[in-house]
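Structural description and commentary
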Amino acid sequence: MTFYPTDRLALFIDGANLYSAAKGLGFDIDYRKLLEEFRKRGVLVRAYYYTALVEDQEYSPIRPLVDWLDYNGFRLVTKPAREYTDAQGRKRWRGDMDVEIAVDMMEMAEHADHLVLFSGDGDFRVLVEAVQRRGSRVTVVSTVKSQPPMASDDLRRQADNFVDLADLAEIIGRPSRLPRFIQESRAARDEHGHDVDADI
């Protein structure tokens, strides 16, 4: 990663997309380590975390993470997830945060030298180009080492730098404590409607 010590940095984390990418690589993100790593690489101005939340649920598995992030240096951007029924008749949730990410990146381009986007969503290519025209450099963090790859080729080409999440696993990851066969069965179950979708 090409960072300069005087860089003013801003991080933009598409929560659902990053979660899917890390899960595809078999590890969990340690957000404390992530923040520490980027504080070492420049002057961290802001770290945004975007996620949709399912309202009216007695317990949401993401709620403890969201609360921890909110108290530990992240700027939380949330909105209610929308319920829909997929082609197989299963209840699913959709929570697209693209507009919120785009607005914040455009605004922060005036206050930061280097923007780091944690998403492989190809829809962000035009956004990255617009931010670059304002003079900011953009690093995209996602992965092409998962099956299927999570990073759009167009987005990778547009970014000033592309960092594969797999290469950061030792730095910002913590291994899943579950045996691999349980991880795989959970991943298969999640594909059948237990996660908020990340549009890629």
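Right above here is the structure, for reference.
I will try to describe carefully the structure that is included in this document. (Residues numbered from 1 in each chain as written. Predicted model: local features only at pLDDT ≥ 70, side-chain atom pairs only at ≥ 80, totals over all residues. Heavy atoms only, no water.)

1. Some points on the overall build of the protein chain
Threshold: Helical segments are the DSSP runs of H or I of at least four residues, strand segments are the runs of E of at least two, and each set is numbered from the N terminus. Each residue gets one of three labels from its accessible area relative to the maximum for its type: buried under 20%, exposed over 50%, partly exposed in between, using a 1.4 Å probe on protein chains only. The contact criterion used is simple: two residues touch if any of their non-hydrogen atoms lie within 4.5 Å. Residue-level accessible areas treat just the shown protein chains as cover; the underlying method is Shrake-Rupley with a 1.4 Å probe.
Check the secondary structure of the protein chain and you find eight helices and 11 strands. Expressed as a percentage of its 200 residues, the buried residues of the protein chain come to 45%. Contacts in the protein chain between residues far apart in sequence, at least 24 positions, make up 69% of those at least 6 positions apart. When the accessible surface of the protein chain is summed, it comes to about 10700 Å², and 47% of that surface belongs to carbon and sulfur atoms.

2. Considering the packing of aromatic side chains
The cut-off we apply is this: The criterion for an aromatic pair is that two Phe, Tyr or Trp rings (for Trp, the six-membered ring) have centres within 6.5 Å, with stacked assigned to planes under 30 degrees apart, edge-to-face to planes over 60 apart and tilted to the rest. We call a charge positioned above a ring when the Lys NZ or Arg CZ atom is no farther than 6 Å from the ring centre and deviates by at most 35 degrees from the ring normal.
With the rule as written, the count across this model stands at six aromatic pairs. Measuring from centroid to centroid gives 6.0 Å for Y31 and F74, while their planes differ by 85°, and the two rings are edge-to-face. With a gap of 43 residues between them, Y31 in helix α2 (residues 31-40) and F74 in the loop between α3 (63-71) and β4 (75-80) connect regions that are remote in the sequence. Of the residues examined, F74 reaches a relative accessible area of 5% and is grouped as buried. The side chain of R156 reaches across the aromatic face of F162, ending 4.9 Å from its centre.

3. Describing the pattern of salt bridges
Quick note on the threshold: For salt bridges, the criterion is a side-chain nitrogen of Lys or Arg within 4 Å of an Asp or Glu carboxyl oxygen.
Applying the stated criterion across every chain yields a total of 10 salt bridges. A salt bridge links R125 to E129, with the nearest nitrogen and oxygen atoms 3.3 Å apart. Of this pair, R125 and E129 both sit in helix α5 (residues 125-133), four residues apart, which is roughly one turn of the helix. Taking relative accessible area as the criterion, R125 reaches 25% and is therefore assigned partly exposed. On the basis of relative accessibility, which here comes to 29%, the residue E129 falls in the partly exposed class. Here the residues in one salt-bridge network are E37, K40 and R41, joined through shared partners.

4. Notes on the sheet that holds β4
To be explicit about the condition: In this scheme, strands are said to pair when DSSP sees at least two bridges between them. All axes here are fitted lines through C-alpha atoms, helices being fitted over the stretch that makes contact, and every angle between N-to-C directions spans 0 to 180 degrees.
A sheet is described by the order of its strands in space; here six strands give the open sequence β4-β3-β1-β7-β8-β9, paired in parallel fashion. The outermost strands of the open sheet, each flanked by one partner alone, are β4 and β9 (161-164). Within this sheet the neighbouring strands show an average axis-to-axis angle of 15°, counted without direction. Along the sheet face, α3 touches β3 (43-53) and β4 and points at about 155° away from the line of β3. Against the sheet, helix α4 (residues 98-108) engages β1 (8-14), β3, β4 and β7 (114-118), with an angle of about 165° to β3.

These values are about where atoms sit, not about what they do.
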